[in-house]
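# Observations on chain architecture
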Amino acid sequence: MVQPIRTAVFPVAGLGTRFLPATKAIPKEMLTVVDRPVIQMAVDEAREAGIEKFVFVTGRNKAAIEDHFDRQFELEATLRQRGKTAELGLLEQDLPAAGQAMFTRQQEPLGLGHAVWCARHLVGNEPFALLLPDMVMHAKPGCLKQMIDVYQTHGGGNVVAVEEVPWDQVSRYGVVGAKDWKDNAFRIDGMVEKPKTAEDAPSNLIISGRYILQPAIFSEIARQEPGAGGEIQITDAMIRLMREQPFYGVQYRGTTYDCGDKIGYLSANVALGLAREDLAPGFRAALKRILAEHDPL
Ligand code: UTP
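Our subject in this report is the structure included herewith.

Cut-offs used in this document
Residues numbered from 1 in each chain as written. Predicted model: local features only at pLDDT ≥ 70, side-chain atom pairs only at ≥ 80, totals over all residues. Heavy atoms only, no water. Buried < 20%, exposed > 50% of the residue type's maximum accessible area, 1.4 Å probe, protein only. Helix = DSSP H or I, 4+ residues; strand = E, 2+ residues; numbered from the N terminus. Phe/Tyr/Trp six-rings, centres within 6.5 Å; stacked < 30°, edge-to-face > 60°. Lys NZ or Arg CZ within 6 Å of the ring centre and 35° of its normal. Pairing = 2+ DSSP bridges. Near = heavy atom within 4 Å. Polar contact = N/O pair within 3.5 Å; in protein donor to acceptor, adjacent residues only side chain to side chain. Areas by Shrake-Rupley, 256 points an atom, 1.4 Å probe, with all protein chains shown as cover. Nonpolar A, V, L, I, M, F, W, Y, C, P; charged D, E, K, R; others polar.

### Here we look at helix H7 (residues 143–153)
Three or more residues of H7 are buried, namely Cys-143, Leu-144, Gln-146, Met-147, Ile-148, Val-150 and Tyr-151. Gly-155, located one to two residues past H7, shows a positive phi value of around 70°.

In structure tokens:
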């Protein structure tokens, strides 16, 4: 039987320098798309995919994330007093069950690979999902659910979500080579972290922020020297693990918004605002007005 994916790791220890000064005192993962913090959206996606154990790798200045997944007694009491049952229901529905959320710290932001390694004792010896919360994946079913379906169909292994980008952008990302396509999934036959030129890239399919990884990844990370940008990269560890274990790619059905980047963040707010039935009519009219003012053509 394929080992089920029960644990998800959320690395949230990065400095968020691209969003200063917003991220000076607030973790960037608490920035909201409309009214939901991006970390909550990633947790929702994991929960929909059947995840029961939520591991957060936090750092200094990230206490708001722990508070977000805890009860807020004063707020709840006041809402109850005022009969605000809808708002109370909303808070209740987002709360993980007791003991499901766990937190560890990455003491220094030494890179994504290092952040994942910090979760090794909490994950234990089983496959796990890794979700980068600033990548907001708007999809139905959710991206991780689509990936778990592929994981089960292939009888296990490692799975990453990918998406196509224009060729002149491949050098910013981890890129995979693809063979044996079946529907929207394929076997990965090569992986390059930040290729110098488009010629060095095996395709224009980039790794986009969701992974299912076998626990052997931890020992690969531990053997690693700092890579691109002086950080311990997860892709370098995956490249080594790929020599021993199969990796699959899923071109998931949905849209990615990189909310660690300002244009991506603004786009997510517009797209998800328009997707909200309660907001769409008013928001559409407001957008039209704004566009007409700023772009009279
Ligand atoms: P990013 O590189 O997008 O995050 O990492 P960052 O470093 O916070 O952003 P900038 O470039 O300074 O603006 C993707 C995810 O990995 C986490 C981040 O918190 C983010 O969720 N991360 C990154 C860590 O947990 N630890 C690290 O050392 C690096």
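### Structural notes on the packing of aromatic side chains
Per the stated rule, a full pass over the model turns up 7 aromatic pairs. With a centroid separation of 4.5 Å and 45° between ring planes, the pair formed by Trp-181 and Phe-186 is classed as tilted. Across the ring face of Trp-117, the terminal group of Arg-120 is positioned such that the distance to the ring centre comes to 3.7 Å. We note Lys-262 situated over the ring of Phe-19; from NZ or CZ to the ring centre the distance is 5.9 Å.

### Quick notes on the pairing of strand S4 (residues 53–58)
On a regular strand, each side chain points to the face opposite its neighbour's, so the side chains alternate between the two faces of the sheet. Burial of S4 is extensive: 5 of the 6 residues sit out of reach of the surface. Here strand S1 (residues 7–11) pairs with S4 via 5 bridges, running parallel. Each bridged residue has a counterpart across the sheet, and for Thr-7 the counterpart in S4 is Lys-53. As paired elements, S4 and strand S5 (residues 101–105) share 5 bridges and run parallel to each other. Within the sheet, the bridge partner assigned to Phe-56 lies in S5 and is Phe-103.

### Here we look at the site of the ligand
Not every one of the 18 residues close to the ligand is listed here, only the nearest: Gly-14, Gly-16, Thr-17, Gln-106 and Gly-111. A distance of 2.7 Å separates a nitrogen atom of the ligand from a polar atom in the side chain of Gln-106. Between the ligand and the protein, one listed contact pairs an oxygen atom with a side-chain N or O atom of Asp-134 at 3.2 Å. Contact with the protein chains covers 84% of the free accessible surface of the ligand, which is 570 Å². Along the lines of polarity and charge, the residues of the shell around the ligand split into 9 nonpolar, 5 polar and 4 charged.

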